[in-house]
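# Analysis of the macromolecular model
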Amino acid sequence: MMNVALIGLGSVGRGVAGMIAKKDLGITITGIADSKSGGMDPNGLDIASLLASKTRKGYCGDKKISASDVIAQADYDALIEVTPTNALTGEPAIGYIKAALIRKKHVVTSNKGPIALAYKELHALAVKKGVALRYEATVAGAIPIMHTLEHGLAGNEILALYGVLNGTCNYILTRMAAEGLTYEQALMEAREMGYAEADPTYDVQGIDAAIKLVILANTIWGNGIRLNDVDRTGIDLLTPDALRLADDEGCTIRLIAEAIPRKHILRVSPRIIEKNHPLVVDGTLNALTLETDMAKEITLIGRGAGSIETASAIIGDLLFIKDRYVQRA
Ligand code: HSE
């Protein structure tokens, strides 16, 4: 059995809590917090009633208990940190993650801010404390890209990567091309379905995809690149006419992130590509092509956003930690 504390009860947090409650994973939630309240019980919290309270009242627990209280005081093996991304400071999530690592707790996060901005420092702290810091859910939703890099492609040199890394933009582009929706209508749908970031300008201006590119590049090459190093153009100025023109040529438009170290390319931009290209995926799908020395080209496709889809990546990380490190009866 592994005890976890869950910080953040937005779309991802609710998905994680729901799946832990539903599936027999050997995971117990002993601490929980949203932005307004928290709860702790070393014997396990009643998830169904916390989620019901969140839906009914807008908060899950006791307003006198904060996320920091839960992180500092609850009895848990791993912290699940799924608060919204802040790409400027990474806070408050960086502070939450540090506090847990200092307590020698493992950390699993879907939060892109801390990993893009402070990975080196957080990773060093985790190593020093002998615990794991895992972030599969930060990039490409349900696609197990980090596990693939770490295990399946171990020993390969990664020469380049190309990907559709933002589900919201992909959904908008797909809906605009297929249904003739305006950009605003398609964005509204993506927000209603819980795919977009709390601040959707992160999605449509290509910031979210650029952050994911930074996380991937640092994971693969450890080259310390930052968000400002990425050449970035979003889809917010794209017109239905541009999509129609591409369509006339048998093509479509996708927001493509690419990192090609040998050419010094690090870029996120809308690209006109042929409809039968492997990176032309629909809706909230993400796609990621890795160019490697031994395996050659590998393309992974899967759901890039969504509550349960992202929970899949988080639960994969939790079970990895449980198998490798946690030995509770
Ligand atoms: N807003 C993000 C996206 C969520 O649309 O891809 C997953 O990181």
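First, a word on scope: everything that follows refers to the structure included in this document. Per chain, residues are indexed from 1 in the order of the written sequence. Local features in a predicted model are, by the rule used here, given only for residues with pLDDT of at least 70; side-chain atom pairs are given and counted only at 80 or more, and totals for whole chains, interfaces and linings are based on all residues. Only heavy atoms go into the side-chain values, all of them from the structure, while hydrogens and water stay out.

A word on the layout of surface pockets. If a probe the size of a water molecule is rolled over the atoms, the empty space left behind becomes visible. Approximately 790 Å³ is the volume found for the largest pocket. The wall of the largest pocket is formed by 43 residues, among which Ser 11, Val 12, Val 82, Pro 84 and Ala 198 lie closest to the centre. Helix numbering and strand numbering both begin at the N terminus, where a helix is a DSSP run of H or I of at least 4 residues and a strand a DSSP run of E of at least 2. Elements with a contribution of two residues or more to the lining of the largest pocket: α1 (11-22), α7 (167-179), α10 (207-221) and α12 (307-324). Considering each element in turn, the lining of the largest pocket owes the most residues, three residues, to α1. Gly falls in the polar group here, along with every residue not listed as nonpolar (Ala, Val, Leu, Ile, Met, Phe, Trp, Tyr, Cys, Pro) or charged (Asp, Glu, Lys, Arg). Of the residues that constitute the lining of the largest pocket, the class distribution is 16 nonpolar, 19 polar and eight charged. Whether a set of points on the 1 Å grid over the protein atoms alone is a cavity depends on a 1.4 Å probe fitting there but being unable to get out, while an open set qualifies as a pocket with protein on both sides within 12 Å along at least five of seven lines; lining residues are those with an atom within 4 Å of a point. Grid points are joined across faces, edges and corners, and a volume is the space filled by probe spheres set on the points.

Here the focus is the packing of aromatic side chains. Working definition: rings of Phe, Tyr and Trp (its six-membered ring) pair if their centres are within 6.5 Å, and the pair is stacked with planes under 30 degrees apart, edge-to-face with planes over 60 apart, and tilted otherwise. What the rule picks out here adds up to two aromatic pairs. Here Tyr 119 and Tyr 135 contribute two aromatic rings whose centre-to-centre distance is 5.2 Å and whose plane-to-plane angle is 65°, an arrangement assigned as edge-to-face. Pair noted here: Tyr 119 is in helix α5 (residues 112-129) and Tyr 135 is in the loop between β6 (133-134) and α6 (145-152), with a separation of 16 residues, a long-range link. Per-residue accessibility, obtained with a 1.4 Å probe over protein chains only, is compared with the maximum for each type, and a residue is labelled buried under 20%, exposed over 50%, and partly exposed between these values. For Tyr 135, a relative accessible area of 7% corresponds to the buried category.

This part is about the environment of Ala 190. Counting through the fold element by element, Ala 190 comes out in helix α8 (residues 183-192). Look at Ala 190 and you get buried, because its relative accessible area is 0%. The spacing of Ala 190 and Pro 200 is 10 residues in sequence and 9.4 Å in space, taken between C-alpha atoms. If near-sequence neighbours (up to four positions away) are discounted, Ala 190 is found in contact with Thr 168, Tyr 171, Tyr 195 and Ala 196. The criterion used for residue contact is that any of the two residues' heavy atoms lie within 4.5 Å.

What follows is about the pairing of strand β2 (residues 27-33). Counting buried positions over the seven residues of β2 gives seven, a clear majority of the element. Strand direction decides the pairing type here: strand β1 (residues 2-7) and β2, joined by six bridges, are parallel. Residue Val 4 lies in a different strand from β2, and its bridge partner there is Ile 29. A clockwise course of the path from the first strand over the helix to the second, judged with the strands pointing away from the viewer, identifies a crossover as right-handed. Note on the crossover from β1 through α1 to β2: the handedness is right-handed. At least two bridges found by DSSP between two strands is the condition for calling them paired. Inspection of the sheet shows β2 paired to strand β3 (residues 38-40) by three bridges, in the antiparallel sense.

What follows covers the sheet that holds strand β4 (residues 78-81). Read from one edge to the other, the open sheet built from six strands follows the order β3-β2-β1-β4-β5-β6, with strand pairing classed as mixed. Each having just a single partner strand, β3 and β6 make up the two edges of the open sheet. Pairing geometry for β4 and strand β5 (residues 106-109), over four bridges, is parallel. Residue pairing in the sheet places Glu 81 in a bridge with Thr 109 of β5. Packed onto the sheet, α1 meets β1, β2 and β4 and runs at close to 155° relative to β1. To obtain an axis, a line is fitted to C-alpha atoms, over the contacting stretch when the element is a helix, and the angle between two such axes runs from 0 to 180 degrees between their N-to-C directions.

Glancing now at the pattern of salt bridges. Salt bridge, as applied in this entry: a Lys or Arg side-chain nitrogen positioned within 4 Å of an Asp or Glu carboxyl oxygen. For the structure on display, the rule yields 17 salt bridges. As a salt-bridge pair, Asp 317 and Arg 134 come within 3.1 Å of each other at their nearest N and O atoms. Here Asp 317, found in helix α12, pairs with Arg 134, found in strand β6; they are 183 residues apart in sequence, far enough to count as distant. With respect to burial, Asp 317 and Arg 134 carry one shared label: buried.

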